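As a plain string of letters, each chain reads:
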Amino acid sequence: MTFRFDGRTYNGFAGDTLASALLANGVRLFGRSFKYHRPRGVLTAGSEEPNALVELGDGAWREPNTRATVTELFEGLSARSQNRWPTLGVDLGAVNGLLAPFIAAGFYYKTFMWPAAFWEKVYEPLIRHAAGLGRASEHADPDDYEKAHAFCDVLVVGGGPAGLAAALAAGRSGARVLLCDEDFRFGGRLNGDRCQIDDGPGGLWAEQAEAELRALPNVQLLGRTTVFGVYDGQTYGALERVTDHLGAVPGLPRQRLWKIVARRTVLAAGAIERSIAFGGNDRPGVMMASAVRTYVNRFGVAPGRTGVVFTCNDNGWSTAFDLAEAGLASPTIVDARTAPARHLLERAAALGVRVILGAQVVDTAGAKALRSVTVALGDGHATTLPADLLAVAGGWNPTLALSNHLGARPVWRSDLEAFAPGPLPPGMTAAGAANGAFTLAAALRGGAAAGAEAACACGHKVVAHDAPRADDEPSASSALWHVAASRAKAFIDFQHDVTVDDIVLAEREGYRSVEHLKRYTTLGMATDQGKMANVAGLAIMAALTDRSIPEVGVTTARPPYTPVAIGAFGGPHRGPAFRPTRLTASHDWARAQGAVFVETGLWLRPQWYARPGETDWLQSVCREVTAVRSAVGVCDVSTLGKIDVQGPDAAAFLDRVYINTFSALPVGKARYGVMLRDDGIVFDDGTTARLGPEHFVMTTTTANAARVMQHLEHARQVSWPDLDVQLASITEQWAQYAVAGPRARQLLEAMLDDAIALSDEAFPYLACGEFAWRGMTVRLFRVSFSGELAYELAVPARHGRAVLQALMQAGAPMGVTPYGTEALAVLRIEKGHVAGPELNGTTTAADLGLGRMMARKKDFIGRTLAGRPGLVDPARPALVGLTAVNPAARLRSGAHLLKTGEKPSLEADQGYLTSVAYSPTLERWLALALVAGGRERMGERLTAHDPLRGPDIEVEICSPVFVDPEGARLHA
Amino acid sequence: MRIPCPFCGDRDVSEFAYLGDAGVVRPFPDAADAGERVFESVYLRDNPRGRHAELWYHASGCRGWLRVDRDTATHEVASAVLTRAPSL
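Residues numbered from 1 in each chain as written. Chains lettered and ligands numbered in written order. Predicted model: local features only at pLDDT ≥ 70, side-chain atom pairs only at ≥ 80, totals over all residues. Heavy atoms only, no water.

Chemist: Just to check I follow, could you spell out the overall build of chain B for this structure?
Modeler: Secondary structure summary: chain B contains one helix and six strands in total. The order of α-helices and β-strands along chain B, N terminus first, is β-β-β-α-β-β-β. For chain B, the C-alpha atoms occupy an extent of roughly 45 × 35 × 20 Å along the three principal directions. Among the 88 residues that make up chain B, the fraction classed as buried is 35%. Restricting the contact set of chain B to residue pairs at least 6 apart, pairs at least 24 apart contribute 44%. Roughly 5000 Å² of accessible area belongs to chain B as shown, and the carbon and sulfur atoms make up 50% of that amount. (Helix = DSSP H or I, 4+ residues; strand = E, 2+ residues; numbered from the N terminus. Buried < 20%, exposed > 50% of the residue type's maximum accessible area, 1.4 Å probe, protein only. Contact = heavy atoms within 4.5 Å. Areas by Shrake-Rupley, 256 points an atom, 1.4 Å probe, with all protein chains shown as cover.)

Here it is, written out as structure tokens:
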């Protein structure tokens, strides 16, 4: 496979990571560090990598801070190093290293304080240019993401020896098992370590285990899948990298976000090897001992030719043995302990490995790659060893993040010199290295036991199997966090350039609490969240303050365990698919008529219908309004919420949710109703029709439909469960059309023939009826939002489009015109009807001129608090109409009202314009407004003040009903 | 978080809407101190740490209002019952 790094083309193999392929090509320098621009290479072979971060991909695909150690190689992969200028080799930012004494922890809290004005213009741009990691693409994410849900009996997190053993034990019992591993190859450490299981190589056992699991129908394996978070209710978040290793594949998402609900979970996330803080421990060529084994054994890559192993435990020795057995020049072991086990010494002698005991690495040298290491010997002397590879084995930290996501803290185990899981989230057990079981045999045993126990808990019968045989010799260890004799920078947090000196400084300045330490030094706050750094930082703070490590405490671990792209959380819900879009039955027809649509809630509604030749929305809207006032118009009102209310107590129920009385409403009549919230403020309005003694149909505003349903269900189920009433949402089931204008009756008579008599005597204002027409059930309501003679015709939604076309056909001789929400708004403003801008959550029924609707002799929701002194104050803002004194002046909604000559201030505010429209009927701009004590101020002149958009305009207060105040048109 | 809806089964919390204290009883409107008591029931709510009886609405499910016994510290749900028995 060929791939590119910093513009150069290299070759690698399938199964390589970007890190292993670059190492195989002799590349040691991967990037520059965050603060000091120090050269950095590869430290680990896993997701904990803090150093080898690259920008992956080009253009909009560029993803910064990608860990080369977990980036699977594919043909054509393109990556760049980060945080260097002009090139990785020659980096001018490295001068920061010389300034290091001045940019220690907290430097910008101190240095850049004064002058304050310099912060935004000088200091911050400088710091931002100098510090940092990769660059964001600054384009919209071009990839597709998916979301998926999974339910299982047993979720196994981690596919190493413990996880495979757990999945086998649970899977063989028949339990539904989901096994997730972040690697693209199952096996965990079995892939990187030379070990034996049942007389065969560990890697072979892993392959056989995987094959058996894949053959079980009740087991699902998700490779390349990181379980990144634990949530309430045994819910887990996981990210599957579907095509990251293939480049773009048409038809497949880049990544898939899983939401997993598991009855039981086995945490087998393994452990992370820890570094030792010594001078120059960040130089390219210094690597974790386990990572060296992985590169040698799994990838067949020699990360160096002359190796030194610096260890404080037996485990580190195996790295030297593997290097020697791989045929690399005899490595040297530097062990801080004085008396390691005899069998180690014997094996070292047999392999020709040089051993230096009771010694510590104090410094390293080399410009862009390691050249030599300086070792302080037990006798006080020092020696310098040539080396291009230094493997560091500082012991192991169980990977605990998931065990702490619900707030639990880990417990310190002095026998392991490490934190182990504390109280676990409900349903979770830990196994293997994550549980502090560091030998291979213990991991296999613990995993099998945890898997069996989890399957049993889910009701499955477990048949005992013989545990596989493996090494059970514990690795003797003596914790070593810090080489005190080191003078050069000794790094704790590689990604954020936090050194031992920074922790010493924090302690000296009083930042001793673990949370203060973190924020003052930024320890553990980089994209790796301190996987390598946190415990070491705590250990050094503990030593400085003479406390034990558990006394220092730990910071809180939160999801996600490794970075997750925002795009994955968004999934397919972006752009037009961000929310569902609801379309009415006649949407396609409206589009064909030139409708311009507006979002109202989830619905798309025609805002106006542009005709050929019309260049301005106002032109279209005025034509539509004029058509309604002079002939007839049709408006799709299907989006109004429609709720079917039935039952013996339906009328009594409505009396309690509306301020006015519905029990007295005769069958065949409709009535306008207003609902309040508990606090006495208006909640929603609409007309409700009585189709039968126990059957009502309620309409709500489009925006509030779902909230009204919830409110009514609360009233029915919680407040008055004794009432015998049932509710059903029928918004989707009925298409509804307003037919408004002086020729509305003529149109409906022409279309409906004699299906119903429509004379004013037979079907007067507010009549309603249900009848059959052309084989369908039709509901007709004589209600009007426009103030014209008007009807609303409801038909089953599947007939909506055909009925609308029939209306247009029958109305053609009468000049029927479809109209949209803008014309609807103009018509209602001309008529003084309230809508969303007036029902804005601050107004009472009385404020809106609807106070007389409030029944006095019955209880209803909101009644008591609507009577509070503050809500009945006559000085409250009340609904009025406004016209500009100059008929040509344009009013703006949102403008505030002032007494003429007053300076704008909160105290001088008289109210504001809620709704504004140009009235083609009156040929001027009109407004509805809420004005303090407004109803007593008819004829008063005020100034409409709009500092954002326009000059002050003189306005006059008038009745909000501008057109046909007597209602002659309505009752025609 | 998951809520065991008695009608629909164990469901993700994203299907539900939260209201609050299930112990709030709508005061009798004609009592002499109705104003005071309604004010308290609307505005003065306890926000305890620990076990709490709460009202949840299964908006994306059966539209049932549930009384959910939940621990506000651990989010553990002990029980969930319909506030009104379904009249089927």
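After that view of the structure, there is still more to cover.
Chemist: Looking at this model, I keep getting lost on the domain arrangement of chain A. Mind explaining?
Modeler: A common way to express how large an interface is: the accessible area buried when the components associate. Per the domain assignment, the segments of chain A are domain 1 (2–115 + 123–130), domain 2 (145–271 + 398–457), domain 3 (272–397 + 475–552), domain 4 (587–639 + 733–827), domain 5 (647–729) and domain 6 (869–972). Its C-alpha centre places domain 2 of chain A at a distance of 61 Å from the equivalent point of domain 4 of chain A. (Domains from an automatic or database assignment.)

Chemist: What is the right way to look at the pairing of strand E42 (residues 790–796) of chain A in this model?
Modeler: Here is the key point about a regular strand: its side chains alternate between the two faces of the sheet. Residues and elements named next belong to chain A. For E42, a buried count of seven out of seven residues is recorded, marking the element as mostly surrounded by other parts of the structure. Pairing analysis gives seven bridges linking strand E39 (residues 734–740) to E42, with the strands arranged antiparallel. What sits directly across from alanine 740, in E42, is alanine 790. Across three bridges, the pairing between strand E41 (residues 776–781) and E42 is antiparallel. In the sheet register, leucine 780 faces E42, and the bridge partner there is leucine 793. (Pairing = 2+ DSSP bridges.)

Chemist: Would you mind going over the side chain of threonine 731 of chain A with me for this structure?
Modeler: Residue and element names in this part refer to chain A. With respect to the helices, strands and loops of the structure, threonine 731 is situated in the loop between strand E38 (726–729) and E39. Of the polar contacts made by the side chain of threonine 731, one reaches the backbone nitrogen of lysine 642; its length is 3.0 Å. If we skip the residues at most four places from it in the chain, threonine 731 touches Arg582, Trp603, Ser638, Thr639, Leu640, Gly641 and Lys642. (Polar contact = N/O pair within 3.5 Å; in protein donor to acceptor, adjacent residues only side chain to side chain.)

Chemist: Teacher, can you tell me more about the interface of chain A and chain B here?
Modeler: Each side of the interface is counted separately: chain A has 32 residues, and chain B has 23 residues. Interface of chain A and chain B: buried area, both sides summed, is about 2200 Å²; carbon and sulfur atoms make up 50% of it. Between the two partners, chain A and chain B, sit three salt bridges. Across the pair aspartate 859 of chain A and arginine 26 of chain B runs a salt bridge, and its minimum N-O distance is 3.0 Å. Taken together, chain A and chain B are joined by 15 residue pairs in polar contact (both at pLDDT 80 or more). Of all the secondary-structure elements, those providing two or more residues to the side of chain A that touches chain B are strand E15 (255–267), helix H20 (705–719), E38 and helix H24 (863–866) of chain A. (Buried area = accessible area lost by both parts, 1.4 Å probe. Salt bridge = Lys/Arg side-chain N within 4 Å of Asp/Glu carboxyl O.)

Chemist: What am I meant to see in a nonpolar patch on the surface here?
Modeler: All names here are of chain B. Together, Phe39, Tyr43 and Leu44 line one region of the surface with nonpolar side chains, adding up to about 280 Å² of accessible area. By the secondary structure assignment, tyrosine 43 is in helix H1 (residues 34–43). Owing to a relative accessible area of 38%, tyrosine 43 belongs among the partly exposed residues under this scheme. (Patch = residues over 30% accessible without salt bridge, like charges linked within 9 Å, V, L, I, M, F, W, Y side chains within 5 Å.)

Chemist: Is there a simple way to think about the sheet that holds strand E43 (residues 817–818) of chain A in this case?
Modeler: Each strand in a sheet pairs with its neighbour through backbone hydrogen bonds, running either in the same direction (parallel) or in the opposite one (antiparallel). All names here are of chain A. Within the open sheet, the six strands sit side by side as E40-E41-E42-E39-E33-E43. Their pairing is mixed. Of all strands in the sheet, those with a lone pairing partner are strand E40 (768–773) and E43, marking the two edges. The pairing of strand E33 (residues 633–636) with E39 spans four bridges and is antiparallel. Directly across from aspartate 636, in E39, lies its bridge partner tyrosine 737.

Chemist: Where do I start with unusual backbone geometry in this structure?
Modeler: Residue and element names in this part refer to chain A. The omega torsion of the bond from proline 559 to proline 560 falls at 0°, within 30 degrees of zero and hence cis. In this fold, proline 560 is placed in the loop between helix H15 (549–552) and helix H16 (566–570). Although it is not a glycine, glutamate 138 sits at a positive phi angle of roughly 65°. Here glutamate 138 shows up in the loop between helix H3 (118–130) and strand E8 (145–157). Backbone geometry at aspartate 199 places phi at a positive 70°, although glycine is not the residue there. By secondary structure assignment, the location of aspartate 199 is in the loop between strand E10 (196–197) and strand E11 (200–201).

Chemist: Is there a simple way to explain the sheet that holds strand E45 (residues 896–899) of chain A in this structure?
Modeler: Residues and elements named next belong to chain A. Judged by pairing direction, the barrel is antiparallel, and its six strands sit side by side in the order E44-E47-E46-E45-E48-E49 before closing back on the first. Here the strands of the sheet are splayed against their neighbours by 45° on average, with no regard to which way each runs. As defined by bridge partners, E45 adjoins strand E48 (residues 941–945) across four bridges and the pair is classed as antiparallel. From the neighbouring strand, leucine 898 faces E48, where its bridge partner is threonine 943. Here helix H23 (residues 821–831) sits on the sheet in contact with strand E46 (909–919) and strand E47 (924–932), set at roughly 125° to E46. (Axes fitted to C-alpha atoms, helices over the stretch in contact; angles between N-to-C directions.)

Chemist: For this particular structure, what's the right way to read helix H7 (residues 289–297) of chain A?
Modeler: Since the α-helix packs 3.6 residues into each turn, any two residues three or four apart lie on the same face. The element H7 of chain A is largely enclosed, with a buried count of eight among its nine residues. Of all the positions in H7 of chain A, only Ala289, Ser290, Ala291, Val292, Arg293, Thr294, Tyr295 and Val296 of chain A are classed as buried.

Chemist: Would you take a moment to explain the environment of valine 634 of chain A for this structure?
Modeler: All names here are of chain A. Relative to the elements of secondary structure, valine 634 occurs in strand E33. Owing to a relative accessible area of 2%, valine 634 belongs among the buried residues under this scheme. The spacing of valine 634 and valine 157 is 477 residues in sequence and 60 Å in space, taken between C-alpha atoms.

Chemist: For this particular structure, what's the right way to read the packing of aromatic side chains?
Modeler: Each aromatic ring pair is specified by the distance between its two centres and by the angle formed by the two planes. Residue and element names in this part refer to chain A. Overall, the coordinates contain 18 aromatic pairs over all chains when judged by the stated rule. Pairwise contacts between aromatic rings join Tyr36, Phe491 and Phe494 into one cluster. A cation sits over an aromatic face here: arginine 40 above phenylalanine 491, 4.7 Å from the ring centre. The ring of tyrosine 561 has lysine 531 sitting right over it, with the charged end atom 4.4 Å from the ring centre. (Phe/Tyr/Trp six-rings, centres within 6.5 Å; stacked < 30°, edge-to-face > 60°. Lys NZ or Arg CZ within 6 Å of the ring centre and 35° of its normal.)

Chemist: Could you clarify how one ought to interpret the packing of helix H4 (residues 161–172) of chain A against helix H6 (residues 202–215) of chain A in this entry?
Modeler: Geometrically, a packed helix pair is captured by the angle between its two axes and the distance between the axes. Residue and element names in this part refer to chain A. Where H4 contacts H6, the two axes come as close as 10 Å, and the packing angle between them is 30°. When the axis of H4 is compared with that of H6, the two are roughly parallel. You can see that H4 and H6 cross each other, and the crossing is left-handed. In contact with Pro161, Leu164, Ala165, Ala167, Leu168 and Arg172 of H4, H6 contributes Trp205, Ala206, Ala209, Glu212 and Leu213. Its residues assigned to classes, the contact of H4 with H6 comprises nine nonpolar, no polar and two charged. (Parallel < 35°, antiparallel > 145°, perpendicular 65-115°, else oblique. Left-handed = near helix turned anticlockwise from the far one by under 90°. Nonpolar A, V, L, I, M, F, W, Y, C, P; charged D, E, K, R; others polar.)

Chemist: I would appreciate a short explanation of the pairing of strand E19 (residues 329–335) of chain A in the present structure.
Modeler: Residue and element names in this part refer to chain A. Most of E19 is tucked away: five of the seven residues are buried. Bridge count between strand E18 (residues 306–311) and E19: five bridges; the pairing is parallel. Note that in E19 the partner of threonine 311 across the bridge is aspartate 335. Regarding the hand of the β-α-β motif, the stretch spanning E18, helix H8 (residues 314–325) and E19 is right-handed. As paired strands, E19 and strand E20 (residues 354–357) are joined by four bridges and run parallel to one another. Across the sheet, the residue bridging to isoleucine 333 is valine 355, located in E20. In this fold, the crossover linking E19 to E20 by way of helix H9 (residues 342–351) has right-handed handedness. (Right-handed = clockwise from strand over helix to strand, strands pointing away.)

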